[in-house]
Amino acid sequence: MQMSRSWRHMGHSAPGTAPGTLVADPDAAKSVVRLTLYGPSGVEERTLDTLDELPGLIGGDRKLWVDVRGLGSLDTIVRLGEIFGLHRLALEDVLNTGQRPKVEPFNDYLFVVARIPQSGERFRSEQFALFFGKGWLVSFQEGRQASDPSDKKDDCFALVGERVRQRRGRIAELGTDYLAYALLDTVIDAYFPVLEDFGERVEVLERDVIGRADRSVVARIYRMKRDLLGVRRAIWPAREVVNALIRDDDGFVADATKVFLRDCYDHTVQLIDNVETYRDISAGLIDVYLSSVNTRLNEVMKVLTVIATIFMPLSFITSLYGMNFDRQSPWNLPELSWRFGYFYALGLMAIVAFGMLVFFRRKGWLGRGWRADTETPEK
């Protein structure tokens, strides 16, 4: 029973159910459907309480954009699938929010999945899916429910909506394939601030590793490596998605839109290069940390070795004068009967210790200086 609830919580149907079985996450936000009609004659925006009027709006002189925010209303999603003829397997992927970015062609439309990065201390992403055909586009945003649809806070598609609203540029002239490009390009561009943040984190970690690094630095490095792995899993498939749209031969994507998709493809390549660079740097930081730890350990061991080496002859001297020989014999430690024998022994030990320090210094084993014969000759 616990396993079944876990699968349903992730938007999966129970194992063994028929393909295309739709299961909504019980914790998902209630679906809010936003309608946008735009074209040469003007723009119309509103929130739909019912979907009864949608069938009559498909195929008109204006382009139709239906934006669904939140995946908690299963009846609404099923009804949208019936109105636009969306395949049940595709709708199942919409509700299963763990999908990797992909593009799938169907008879009358294309199905595209992408991952939207979310702000926070740890990297996470939400699923974004869209269907587009001739004159219409339906998009699904995983967790973006707003009680006030006009609230643009944290909506990465706010600028796209503004361009549609003001009918600026090609978005009003070209078809819904260009709108799909604009939405996908917005998702991809949203990764640039994320990677800028990773760049700052890398700089901080480099300073900490070169300085007095401790175990917390290692934990931060591994957290960053896991976050970069999440970014990589979202960006690498997105490049293939854009490439598949560029190579579309079914007429879903116009040649005028493919020009812009090529620029979007360049952005994905740039993001991938940055991700790989940061992953290599983070892997190198582990090596730098280990080298730093070994260097500090060697410094400590060198100091301890020098101290132990200095005390070895001093221990010999003290043990020598500590032997209990007969002091009546002139050959058995005559210094023991000498009035200044104690000061003589202390002076001898001081001279030996000082002489060894000078010797170690000249050898370059102490301090930062090296002998002339160990330095690199000047050219």
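Located above this text is the structure these notes cover.
About the criteria used
Residues numbered from 1 in each chain as written. Predicted model: local features only at pLDDT ≥ 70, side-chain atom pairs only at ≥ 80, totals over all residues. Heavy atoms only, no water. Core = buried A, V, L, I, M, F, W, Y, C linked by side-chain atoms within 4.5 Å. Buried < 20%, exposed > 50% of the residue type's maximum accessible area, 1.4 Å probe, protein only. Helix = DSSP H or I, 4+ residues; strand = E, 2+ residues; numbered from the N terminus. Contact = heavy atoms within 4.5 Å. Patch = residues over 30% accessible without salt bridge, like charges linked within 9 Å, V, L, I, M, F, W, Y side chains within 5 Å. Areas by Shrake-Rupley, 256 points an atom, 1.4 Å probe, with all protein chains shown as cover. Salt bridge = Lys/Arg side-chain N within 4 Å of Asp/Glu carboxyl O.

Colleague: Describe the nonpolar core, naming the residues involved and giving the relevant values.
Modeller: Counting 55 residues, the largest nonpolar core has F132, L179, L183, F198 and V231 as its most contacted members. Going through the elements one at a time, β5 (110-118), β6 (124-133), α5 (158-166), α6 (176-189), α7 (191-210), α8 (215-246) and α9 (255-321) are the ones with two or more residues in this core. A total of 12 residues in this core trace back to one element, the largest contributor, which is α8. The contacts of L179, once residues within four sequence positions are left out, are Y38, W65, L137, V160, V164 and I171. Grouped together as the second largest cluster of nonpolar side chains are 28 residues, L35, L37, L71 and V113 included.

Colleague: Mind laying out a nonpolar patch on the surface, listing which residues take part and the relevant values?
Modeller: A grouping of L297, V300, M301, V303, L304, I307 and F311 is seen on the molecular surface, where their side chains present a nonpolar patch of about 640 Å² in accessible area. Relative to the assigned elements, V300 resides in helix α9.

Colleague: Help me get a handle on the pattern of salt bridges, residues and values and all.
Modeller: If you walk through the whole model with that rule in mind, you get 16 salt bridges. Note that E53 is salt-bridged to R46, the shortest N-O span being 2.2 Å. E82 is the salt-bridge partner of R79, the closest N and O atoms lying 3.4 Å from each other. Of the two residues, R79 and E82 are both situated in helix α3 (residues 74-84); the distance of three residues between them amounts to about one turn of the helix. The exposure class assigned to R79 is partly exposed, which follows from its relative accessible area of 32%.

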